[in-house]
Amino acid sequence: MRVPFPESIPIVPVFFFAATLLVIQLSQGTSPTFALGCFFYILVATHAFNVAGGFTRTSGAFIFFNSVLGVIVGLCVKAYLDEPADSNLFAPDLTIRVLLAGMCMMLVAVYLTKRFAPRRALLGKMVTDAKMQTATVGSLIAGLVLNIAFSLIPSGSGSVLSALSQLNRFFPMAIVLGVINTIRRSGGRRSVNLPVLLAGAIMFIIGVFGFSKEGMFAPFACWVLAIASQRYKLNRAQVAGAILVTIFVFRYLVPYAQYGRNFREENGGASVSTAISLLSNLGYVRQQFLETSAESYDNRVLGYFNNPQGLFDRLQMISVDDALINRTAEFGTFGLYPIFEAFENLVPHFIWPNKPILLSGNIYAHEVGLLGEQDESTGVSFSSTSTAFHLAGWKGVFLLAPAIWFLLFFVFESLCGDTRQSPWGLLVLVLYSHTAPEGDIGNMVYTATYAAFGIVFAAVVGAYVAPLIGTLFIGPEGIELRRGGSVRSIAGRLLLPPPAEPDQAR
């Protein structure tokens with residue numbers, strides 16, 4: 001099975017999928033207005049994804065993760081559970097109108113980006129095939145050194161280590177570079193090597209001991225996106241292994257991460273003995289998680305499904321967005337201060353040591369009644385569309401949001417270009433898998449600036465510093481690419497020059 005990395009999704013099958021979902025929703029008692037809104041949302045999201053260039057462009061990946069993980073998965077699970085799609089929502093008709101309008105404006109941002117973004121990526125293909133192996137090893141070593149330094153040396157806000165922690169993407173970079181390099185060198189027969197396994201294992205272990213689902217999923221996301229970009233073909237054993245790993249993660253590790261957060265200490269982590277104790281009793285941990293979820297679900301302010309659905313409760317943003325949109329409709333808009341604060345926050349701490357920090361996710365969560373009065377630190381995720389509406393109403397959806405999305409798309413399109421040719425673009429895709437559905441509109445400013453600088457830093461270090469570090473450990477590379485090799489029946493595909501841009505072809 002070849003892993004898909006679509007440039008576009010055929011609109012006709014999507015139309016029939018959306019029409020089928022519409023019929024199912026109507027038969028389950030969903031209001032026609034909400035069902036039609038879902039129908040058009042899916043069609044507009046697909047068109048925007050295609051216009052952007054699909055996964056070959058960072059903007060297309062943003063649209064995919066924002067729409068699928070934010071809305072579409074939740075709608076499909078609702079239909080599967082035989083529940084009306086507009087049930088358990090405060091203002092369903094207004095919510096779907098806001099989400100649909102937001103997706104339309106995201107399409108506008110894509111059109112503007114394609115019009116004004118430079119044709120040639122600024123970062124381009126900075127790492128040559130000849131240096132990719134040493135760059136992989138160097139990235140692994142740099143990640144190890146930095147993580148050891150973070151754990152041994154205390155670092156306050158504004159310190160050098162604090163700045164490096166925000167730029168540290170060396171383990172994901174080691175996985176992406178290593179996977180691409182292995183596929184190309186082996187002619188498509190292998191996708192991982194020792195540095196990839198080590199980097200992935202370390203990321204996974206850090207996620208496990210930090211009770212972080214994002215940390216546990218990130219190495220798999222890096223691997224999947226890297227092999228998909230190279231059109232790698234999985235054999236039956238690999239497909240079976242991937243299915244088994246997915247089942248294990250969903251069944252045991254997701255409950256472990258959720259339940260384990262109850263044992264976090266003041267520093268945000270947990271003792272090794274506590275984590276090991278929970279890991280040695282995953283069946284018990286899962287049972288405890290299910291029992292506590294069932295007890296608390298009825299008392300939750302929010303809940304899109306009638307009963308707890310585990311990870312699927314997190315693979316939708318409809319319920320939290322609906323609560324915030326309803327709050328806006330009842331009590332008015334919040335104002336644009338979070339956007340001003342987001343731009344003010346671009347000033348480094350060493351220049352402005354006492355700069356104010358606004359925990360917008362905590363404030364919005366208090367507004368909708370998700371957190372207790374004394375909780376001033378917990379952050380709750382809301383989408384960029386709903387927070388734009390909350391800040392400025394419909395002006396936020398039609399003016400503020402597309403302006404910020406355009407900034408985001410323009411920056412990363414200018415830096416990365418075609419993700420099939422640029423490994424840095426794949427790092428952005430990994431970032432978007434979490435940020436696109438769950439990042440509020442202020443977070444988009446941070447992503448377009450600090451995160452973009454992190455990608456530039458990763459590219460420069462990966463191209464010029466990591467190969468030098470890797471050479472110290474494994475020596476200069478002496479293995480040439482197989483000029484006549486093929487990647488699973490696509491002869492020489494990865495060795496051909498990159499396809500011309502559509503405008504250049506004309």
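Small disclaimer: the values here were computed from a predicted structure and weren't measured. (Residues numbered from 1 in each chain as written. Predicted model: local features only at pLDDT ≥ 70, side-chain atom pairs only at ≥ 80, totals over all residues. Heavy atoms only, no water.)

### Quick look at unusual backbone geometry
Then comes step 1: Although it is not a glycine, D82 adopts a positive phi angle of roughly 60°.
Then comes step 2: Following the sequence through the fold, D82 ends up in the loop between α3 (58–80) and α4 (92–116).
Then comes step 3: Even without being a glycine, N88 presents a positive backbone phi close to 65°.
Then comes step 4: Its place among the elements puts N88 in the loop between α3 and α4.
Then comes step 5: You can call N88 partly exposed: its relative accessible area is 39%. (Helix = DSSP H or I, 4+ residues; strand = E, 2+ residues; numbered from the N terminus. Buried < 20%, exposed > 50% of the residue type's maximum accessible area, 1.4 Å probe, protein only.)

### A short note on the packing of aromatic side chains
Then comes step 1: Scanning all chains against the criterion turns up 25 aromatic pairs.
Then comes step 2: Ring centres of F64 and F65 lie 5.4 Å apart, and the angle between their planes is 80°; this geometry places the pair in the edge-to-face category.
Then comes step 3: Judged by centre distance (6.0 Å) and plane angle (80°), the rings of Y364 and F382 are edge-to-face. Of the two residues, Y364 is situated in helix α15 (residues 360–367) and F382 in the loop between α15 and α16 (384–416); the sequence distance between them amounts to 18 residues. We note that Y364, like F382, is buried.
Then comes step 4: When the ring centre of Y304 is taken as origin, the NZ or CZ atom of K78, which lies over that ring, is 4.6 Å away. (Phe/Tyr/Trp six-rings, centres within 6.5 Å; stacked < 30°, edge-to-face > 60°. Lys NZ or Arg CZ within 6 Å of the ring centre and 35° of its normal.)

### A closer look at helix α7 (residues 170–186)
Then comes step 1: Taking 1.5 Å per residue as the helical rise, α7 with its 17 residues ought to reach 24 Å, and the 24 Å between its terminal C-alpha atoms agrees with that figure.
Then comes step 2: Once α7 ends, the next one or two residues include G187, with phi positive near 70°. (Expected span 1.5 Å × (residues − 1).)

### Examining the confidence of the model for the protein
Then comes step 1: The share of residues in the protein with pLDDT of 70 or more is 88%, and the mean pLDDT across the chain is 85.
Then comes step 2: Ignoring residues within four places in sequence, the model shows residues 478–506, a span with pLDDT below 50, making 46 contacts including any to other chains. (pLDDT = per-residue confidence, 0-100. Contact = heavy atoms within 4.5 Å.)

### Observations regarding the side chain of S360
Then comes step 1: Following the sequence through the fold, S360 ends up in helix α15.
Then comes step 2: Given a relative accessible area of 14%, S360 falls into the buried group.
Then comes step 3: Among the polar contacts made by the side chain of S360, one reaches the side chain of D440 at a distance of 3.0 Å. (Polar contact = N/O pair within 3.5 Å; in protein donor to acceptor, adjacent residues only side chain to side chain.)

### Some details on the pattern of salt bridges
Then comes step 1: What the rule picks out here adds up to 5 salt bridges.
Then comes step 2: Ionic pairing is found between R57 and E413, a salt bridge with its closest N-O pair at 3.5 Å. Residue R57 is located in the loop between α2 (32–52) and α3, and its partner E413 is located in helix α16; the two are separated by 356 residues in the primary sequence. Comparing R57 with E413, the two get one shared label, buried.
Then comes step 3: For K78, the salt bridge identified is with E83, shortest N-O distance 2.8 Å. Side by side, K78 and E83 carry an identical accessibility label, which is buried. (Salt bridge = Lys/Arg side-chain N within 4 Å of Asp/Glu carboxyl O.)

### Considering the packing of α16 against helix α18 (residues 441–474)
Then comes step 1: Orientation of α16 relative to α18, taken along the N-to-C sense of each, is 15°, at an axis distance of 8 Å. Classified by the angle between their axes, α16 and α18 sit roughly parallel to one another. The way α16 lies across α18 gives a crossing that is left-handed.
Then comes step 2: For the contact of α16 with α18, the class distribution of residues is 19 nonpolar, 3 polar and no charged. (Axes fitted to C-alpha atoms, helices over the stretch in contact; angles between N-to-C directions. Parallel < 35°, antiparallel > 145°, perpendicular 65-115°, else oblique. Left-handed = near helix turned anticlockwise from the far one by under 90°. Nonpolar A, V, L, I, M, F, W, Y, C, P; charged D, E, K, R; others polar.)

### Comments concerning the nonpolar core
Then comes step 1: Counting residues in each nonpolar core, the largest one holds 116 residues, and the members touching the most others are F62, L75, W405, F412, W424, Y432 and I441.
Then comes step 2: Examining the composition of this core, we find that 13 residues originate from one element, α2, more than from any other. (Core = buried A, V, L, I, M, F, W, Y, C linked by side-chain atoms within 4.5 Å.)

### Considering the packing of helix α5 (residues 132–152) against helix α8 (residues 194–209)
Then comes step 1: Where α5 contacts α8, the axes come no closer than 10 Å and their chain directions differ by 25°. The angle between the axes of α5 and α8 places the two elements in the roughly parallel class. For α5 against α8, the interelement crossing comes out left-handed. Residues Q133, T136, V137, L140, L144 and N147 of α5 pack against P195, L198, A199, I202 and I206 of α8.
Then comes step 2: When its residues are assigned to classes, the contact of α5 with α8 shows 8 nonpolar, 3 polar and no charged.

### Focus: the environment of G393
Then comes step 1: If you trace the backbone, G393 turns up in helix α16.
Then comes step 2: The class of G393 is buried, set by a relative accessible area of 9%.
Then comes step 3: Residues G393 and T333, 60 residues apart in the sequence, show an inter-C-alpha distance of 6.1 Å.
Then comes step 4: Beyond its immediate sequence surroundings of up to four residues, G393 is in contact with T333 and A388.

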